[in-house]
Amino acid sequence: MSDFQAFFAQNAPLDTVEEIPVSPRFKDENGKPIKWKVRSITEEENAELRKASTKRIKGRNGTQKTEFSTDDYTAKMAVVGVVFPDLKNVELQQSYGALGAESLLKKMLLPGEYADLLIKVQQINGFDKDINDLVEDVKN
């Protein structure tokens, strides 16, 4: 395969799925923590998340400005990224008294667990890479 062919879709898989520990509180029948499945997203999905997390706000004299919510964005990315458990499952949402997957995540997890999940979802999507580290990798 030539270097150029490495860029073809069939040679560069986009969808990465990892099993990660999120909380020791959710256990299987043997008492072991159940791992969650988290997937990577495409830039197309990411653009939709950014758009959904940006709101137009009326300013003075009829002007408009946009406001981006990092909290909304990371919550939406987590929901899209989590494959298991199924956060859109109505029974699961009802068991927590939650309406919607984002609300469910916030009710299911302790604050530290939620923060860790957000970090892991961002990492699987490449947001943990420092551009300087990538430059060094290429040099070597």
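As a convention, each chain's residues are numbered from 1 in the sequence order in which they are written. Totals for whole chains, interfaces and linings use every residue, but because this is a predicted model, local features are given only for residues with pLDDT of at least 70 and side-chain atom pairs only at 80 or more, for both listing and counting. By convention in this description, side-chain values take in all heavy atoms of the structure and omit both hydrogens and water.

(A) Spatial organisation of the nonpolar core. Within the largest apolar cluster, 25 residues are counted, with the highest numbers of intra-cluster contacts made by Trp36, Leu87, Leu105, Met108, Leu109 and Leu117. Starting at the N terminus, helices and strands are each numbered in turn, a helix being any DSSP run of H or I of at least four residues and a strand any DSSP run of E of at least two. Going through the elements one at a time, strand 2 (36-39), helix 2 (70-81), helix 4 (101-108) and helix 5 (111-124) are the ones with two or more residues in this core. Working definition of a nonpolar core: buried Ala, Val, Leu, Ile, Met, Phe, Trp, Tyr and Cys residues. They are joined through side-chain atoms within 4.5 Å. When a residue's accessible area, from a 1.4 Å probe over protein chains only, is under 20% of the maximum for its type it is buried; when over 50% it is exposed; and in between it is partly exposed.

(B) Summary view of the pattern of salt bridges. What counts as a salt bridge is simple: a side-chain nitrogen of Lys or Arg found within 4 Å of a carboxyl oxygen of Asp or Glu. All chains considered together, the criterion is met by 4 salt bridges. A salt bridge links Glu45 to Arg39; the nearest nitrogen and oxygen atoms lie 2.7 Å apart.

(C) Molecular detail of the sheet that holds strand 1 (residues 17-20). The sheet built from 3 strands is open, its strands ordered 1-2-5 with antiparallel pairing. One side of each edge strand has no neighbouring strand; the edge strands of this open sheet are strand 1 and strand 5 (82-84). Sheet twist, expressed as the mean angle between neighbouring strand axes with direction ignored, is 35 degrees. In this structure, strand 1 lies alongside strand 2, joined through 4 bridges in antiparallel fashion. Among the inter-strand pairings, Glu19 is bridged to a residue of strand 2, identified as Lys37. Strands strand 2 and strand 5 of the sheet are contacted by helix 2, whose axis makes an angle of about 35 degrees with strand 5. Here, a strand pair is defined by DSSP locating no fewer than two bridges between the strands. Angles here are taken between N-to-C directions and fall from 0 to 180 degrees, while the axes themselves are lines fitted to C-alpha atoms, restricted in helices to the stretch in contact. A contact between two residues is defined here by any heavy atoms of the two lying within 4.5 Å.

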